[in-house]
Amino acid sequence: MTIKEQFITFKAMNTWVIAGAASLLFLICFFFLFSIYSLFEKEKRAFWFSSLFLFLLIVLCFGFFLVETPLKNWLFGGIFLLMVLDLLFLLFSPLKKAATEIIGEQRKIDERDIIFARFEYEEGSRVYDEYYVRMPQYKKKDDELRRIPDILSPSHIKKDPILLSLAAAEFDFLEHQLTKVSGVESAEKVQQSPPENTRKIKGILKYLGSDLCGICLLNQAYVYSHVGRGPEQYGREIELNHKYAVVFALEMDLGMVASAPSAPVIVETGKKYVEAARISITLADFIRRLGYPARAHIAGSNYLAMLPPLACEAGLGELGRLGILVTSKYGPRARLGLVTTDLPLVVDKTKKFGIQNFCQKCQKCARNCPSQAISCKEKTEENGVLKWVLNREECYRFWRKSGTDCAVCIYVCPYSKPNNSFHNFIRKMTEKSSAAQTLSILGDDFFYGRLPYRKKSPLD
Ligand code: SF4
Ligand code: SF4
């Protein structure tokens, strides 16, 4: 071999070593960040496993450097090619984002039929008798569930008197807000353009404490047909003709949710509902002061419309396998608030985040649900929408048994991970690539466990 040929080979070999070492360095940085984030997130399993990967990668890197050339070049070259193949695989498996499909007519839901209303009907009362004469198909199952002590009933509160009393206080507070949701608007209208109104409303929502917000037209299919609970007259036909729905979401504290299905979860639910009530009542009052009709819809409950489908239309997220809204930033770890109004606004577009595709492959919530209420099967049609239908009675049975609102499915969902740069990077990847979704589902099971363990909350 001539000197020139040797020089070319040497340069080529070095290029392979540099490329391979850079690839390993990228992986080392990734796992270093992963272990640091896991440490701060108190995710023990993820911390130890990511640290183990980090250690192995460092050993591998040093080991390769100790090997004689040309084997060294082959090894580093192999690592580089493997990385390139992985990247190509991730980049060239673009995600064809599926949407929630509306395949038939959507009838208005009667609030009297929803599970939370049905369990407010006291045995022997006029409402109870009237309801089960009209809807006898629910009676047997409902009566059986009534035998189990209610959520926040004295027998449950005895198990954790401090935290469950706190939750009871929060829900009592909400009860006192139920009549403050509406009022008469000022006679004089403040005139501003729809874009200006929208900018102000979104800015105010953020200032008042909401984490996500969006605006859509108030789809009448999502307005309840009749009042089923709350302070308004039971059975009254609902007329809600506001043009717009302003929907917002509040992030639930992951530390509290991670204790699911224990008492801290319902304390956190109560806290977020109280905050949502404060924000929506204030916002509705503010809009009325500008001279436009507005009504807040708060938990407890005096909802006149269904929040999750409106939140989907306002671009906050998508309906997930677990039967509730999965938001883009916090997954299902969020509570919703709503104000309906005629204030002229600009509506947001419905967005697709790839959540339908992700839920199609991932069944973590279904696998972990203590009452097997979440479907592991394909979507089926319910009221014109193709979706994973939740067995609400079985879910609610577990709520009554545990004395809380459970939330195990919310905790284990991979989308519920903290809203930080590391997890957002993974969220972004899963929005773009089908292979990244598969990798993320496998990684979540491996690093966080197929059946994640319950943690102590900050209040324990
Ligand atoms: S809240 Fe609990 S019982 Fe209900 S669906 Fe989720 S995991 Fe299952
Ligand atoms: S746990 Fe998985 S299947 Fe369930 S809602 Fe979350 S992403 Fe979808």
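Residues numbered from 1 in each chain as written. Chains lettered and ligands numbered in written order. Predicted model: local features only at pLDDT ≥ 70, side-chain atom pairs only at ≥ 80, totals over all residues. Heavy atoms only, no water.

## Comments concerning the overall build of the protein
- Within the protein one finds 18 helices and nine strands.
- For the protein, the spread of C-alpha atoms along the three principal axes comes to 100 × 55 × 40 Å.
- Counting only residues that meet the buried cut, the protein has 50% of its 460 residues in that class.
- A fraction of 77% describes how many contacts in the protein between residues 6 or more apart in sequence connect residues 24 or more apart.
- On the protein, the mean spot of the 61 positive side-chain charges and the mean spot of the 49 negative ones are 5 Å from each other. (Helix = DSSP H or I, 4+ residues; strand = E, 2+ residues; numbered from the N terminus. Buried < 20%, exposed > 50% of the residue type's maximum accessible area, 1.4 Å probe, protein only. Contact = heavy atoms within 4.5 Å. Lys, Arg positive; Asp, Glu negative; His and termini not counted. Charge placed at Lys NZ, Arg CZ, Asp CG, Glu CD.)

## Remarks on the site of ligand 1
- The full set of residues close to ligand 1 is Cys 369, Pro 370, Ser 371, Ile 374, Leu 390, Cys 395, Trp 399, Cys 406, Ala 407, Val 408 and Cys 409.
- Across the shell around ligand 1, the residue classes break down as 10 nonpolar, one polar and no charged. (Near = heavy atom within 4 Å. Nonpolar A, V, L, I, M, F, W, Y, C, P; charged D, E, K, R; others polar.)

## What to know about the packing of aromatic side chains
- Taken as a whole and judged by the stated rule, the model has 28 aromatic pairs.
- Summarising the aromatic geometry, the rings of Phe 31 and Phe 447 are spaced 6.3 Å apart at their centres and angled 45° between planes, so their arrangement reads as tilted. Taken together, the residues Phe 31 in helix H1 (residues 3-40) and Phe 447 in helix H18 (residues 434-448) connect sequence positions 416 residues apart. Here Phe 31 and Phe 447 have matching classes, each one buried.
- Geometrically, the ring pair formed by Phe 34 and Phe 447 is edge-to-face, given 4.9 Å between the ring centres and 65° between the ring planes. (Phe/Tyr/Trp six-rings, centres within 6.5 Å; stacked < 30°, edge-to-face > 60°.)

## A closer look at the pairing of strand S3 (residues 244-251)
- In terms of burial, S3 is largely enclosed, as seven of its eight residues are buried.
- Taken together, the six bridges between strand S2 (residues 212-217) and S3 define a ladder with antiparallel strand orientation. Within S3, the residue paired with Leu 217 across the bridge is Tyr 244.
- Pairing of S3 with strand S7 (residues 334-341), which is carried by eight bridges, proceeds in the antiparallel orientation. Considered in S7, the bridge of Val 247 is made with Leu 338. (Pairing = 2+ DSSP bridges.)

## Structural notes on the site of ligand 2
- The local shell around ligand 2 consists of Arg 321, Leu 322, Phe 358, Cys 359, Cys 362, Lys 364, Cys 365, Cys 413, Pro 414 and Tyr 415.
- Residue assignment for the shell around ligand 2 shows that the elements contributing at least two residues are helix H13 (355-361) and helix H14 (364-368).
- In terms of residue class, the shell around ligand 2 is built from eight nonpolar, no polar and two charged.

## Quick notes on helix H3 (residues 71-91)
- Under the 1.5 Å per step criterion, the end-to-end length of H3 is 30 Å for 21 residues, consistent within 8% with the ideal 30 Å.
- If you check which residues of H3 are buried, you get Lys 72, Asn 73, Phe 76, Gly 77, Ile 79, Met 83 and Leu 90. The buried residues of H3 occupy one face: seen down the axis, they fall within an arc of 160°. Facing away from the buried side of H3, by more than 90 degrees, are the exposed residues Trp 74, Leu 82, Leu 85 and Phe 89. (Expected span 1.5 Å × (residues − 1). Arc of directions from axis to C-beta.)

## Quick look at the sheet that holds strand S8 (residues 380-382)
- Pairing in this open sheet of three strands is antiparallel, and the strands run S1-S9-S8 from one edge to the other. The open sheet is flanked by strand S1 (101-102) and S8, the only strands paired with a single partner.
- Sheet analysis places S8 next to strand S9 (residues 385-387), joined by three bridges and oriented antiparallel. Residue pairing for S9: Thr 380 is matched across the bridge by Lys 387.

## Details of the side chain of Lys 272
- Among the secondary structure elements, Lys 272 is positioned in helix H11 (residues 263-289).
- What makes Lys 272 buried here is its relative accessible area of 9%.
- Polar side-chain contacts of Lys 272 include one of 3.0 Å to the backbone oxygen of Glu 251.
- Not counting chain neighbours up to four residues away, the residues in contact with Lys 272 comprise Leu 250, Glu 251, Met 252 and Arg 335. (Polar contact = N/O pair within 3.5 Å; in protein donor to acceptor, adjacent residues only side chain to side chain.)

## Some thoughts on unusual backbone geometry
- The omega torsion of the bond from Ala 260 to Pro 261 falls at 10°, within 30 degrees of zero and hence cis.
- In this structure, Pro 261 sits in the loop between helix H10 (254-257) and H11.
- The phi dihedral of Asn 383 falls on the positive side, at around 50°, and the residue is not glycine.
- With respect to the helices and strands, Asn 383 occurs in the loop between S8 and S9.
- Taking the relative accessible area as the measure of exposure, Asn 383 reaches 17% and is therefore buried.
- With a phi angle near 60°, Cys 406 is a residue other than glycine that sits in the positive phi range.
- One can find Cys 406 in the loop between helix H15 (392-402) and helix H16 (408-412).

## Examining the packing of helix H17 (residues 421-432) against H18
- At a minimum axis distance of 6 Å, the contact between H17 and H18 shows a crossing angle of 140°. Judged on the interaxial angle alone, H18 and H17 are oblique. Seen from H17, the contacting residues are His 423, Ile 426, Met 429, Thr 430 and Lys 432; seen from H18, they are Ser 434, Ala 436, Gln 437, Ser 440 and Tyr 448.
- Across the contact of H17 with H18, the residue classes break down as four nonpolar, five polar and one charged. (Axes fitted to C-alpha atoms, helices over the stretch in contact; angles between N-to-C directions. Parallel < 35°, antiparallel > 145°, perpendicular 65-115°, else oblique.)

## Here's the deal with the side chain of Arg 400
- You can see Arg 400 is positioned in helix H15.
- Within the local environment of Arg 400, its side chain forms a polar contact with the backbone oxygen of Leu 145, the two atoms lying 3.3 Å apart.
- Polar side-chain contacts of Arg 400 include one of 3.0 Å to the backbone oxygen of Ile 148.
- Those residues in contact with Arg 400 that lie beyond four places of it in its chain are Phe 119, Leu 145, Arg 146, Ile 148, Pro 149, Asp 150, Ile 151 and His 156.

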